[in-house]
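# Results of the structural survey
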Amino acid sequence: MRRLICSLLAALALLVLTPGIAWAQVHQHESESGVAMVRSLESLRDLDYDSWQAVAYREGKPGEPVVLRIVGYPGKLRLDHPVGLQVLAGRRTWVLDDITLDNPVLAGDGRDAAVEFALDPLLNDLTNNRPLRLVLPGVITELPVPPYVVGEWRSLQDLPLS
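Structural notes, computed from the coordinates. Being a predicted model, the structure only gives us computed values, none of them experimental. (Residues numbered from 1 in each chain as written. Predicted model: local features only at pLDDT ≥ 70, side-chain atom pairs only at ≥ 80, totals over all residues. Heavy atoms only, no water.)

A few words on the sheet that holds strand E6 (residues 92-96). What links the strands of a sheet is backbone hydrogen bonding, and the strands pair in either a parallel or an antiparallel sense. Pairing is antiparallel in the open sheet, where four strands are placed in the order E6-E5-E8-E9. Lying at the two open borders of the sheet, with one neighbouring strand each, are E6 and strand E9 (140-145). Across this sheet, the average inter-strand angle for adjacent strands is 25°, counted without regard to direction. Across three bridges, strand E5 (residues 85-89) lies against strand E8 (residues 132-136) in antiparallel orientation. Bridging from a neighbouring strand, Leu88 pairs with Arg133 of E8. (Pairing = 2+ DSSP bridges. Helix = DSSP H or I, 4+ residues; strand = E, 2+ residues; numbered from the N terminus. Axes fitted to C-alpha atoms, helices over the stretch in contact; angles between N-to-C directions.)

Now the structure itself:
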């Protein structure tokens, strides 16, 4: 009986002291142009098991636009811009505007490794941190985005800079 109690206490201690799920983190730093920014960075795998970085960021004070940058291996994102990013959540569907060519760094980068989208229309429409699926025709069949990442994206709109 004593062993059972000790085992239960040890299991309870492990549950309490073990860190939870690996969360993406919101970081604050300066952009290349010296502007303060906050971002959420997460590595995700699509249904074809290809890896992608999903970087949501906002430059400047709260209320400024939030941008979603999807980064793959160089040459992976060869697109005829603009192309809309389809976002699926249950029966809901959004199409986010391609703003890649608005970024002079990405517009002049021949590696074709990143694409950017205006994220605010989606964030303004979401009322909870629901799982999403991203589809980029001809490139990404389906990229699942877990609820905790969606929560971080939503927090970027109002997160104050310190």
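There is more to say after this.
Where two aromatic rings form a pair, the distance of their centres and the angle of their planes describe that pair. Within this structure, the stated rule accounts for zero aromatic pairs. The positively charged end of Arg45 is found above the aromatic ring belonging to Tyr49, 4.3 Å away from the centroid. (Phe/Tyr/Trp six-rings, centres within 6.5 Å; stacked < 30°, edge-to-face > 60°. Lys NZ or Arg CZ within 6 Å of the ring centre and 35° of its normal.)

A few words on the sheet that holds strand E4 (residues 66-71). One open sheet holds the five strands; their spatial order is E1-E2-E3-E4-E7, and the pairing between them is antiparallel. Taken across any chain shown, the strands that pair with only one partner, and hence form the sheet edges, are strand E1 (25-30) and strand E7 (114-118). Averaged over all adjacent pairs, the angle separating strand axes in this sheet is 25°, with direction ignored. Note: strand E2 (residues 36-45) against strand E3 (residues 51-59), nine bridges, orientation antiparallel.

Treat this as a map of the structure, not an account of what it does.
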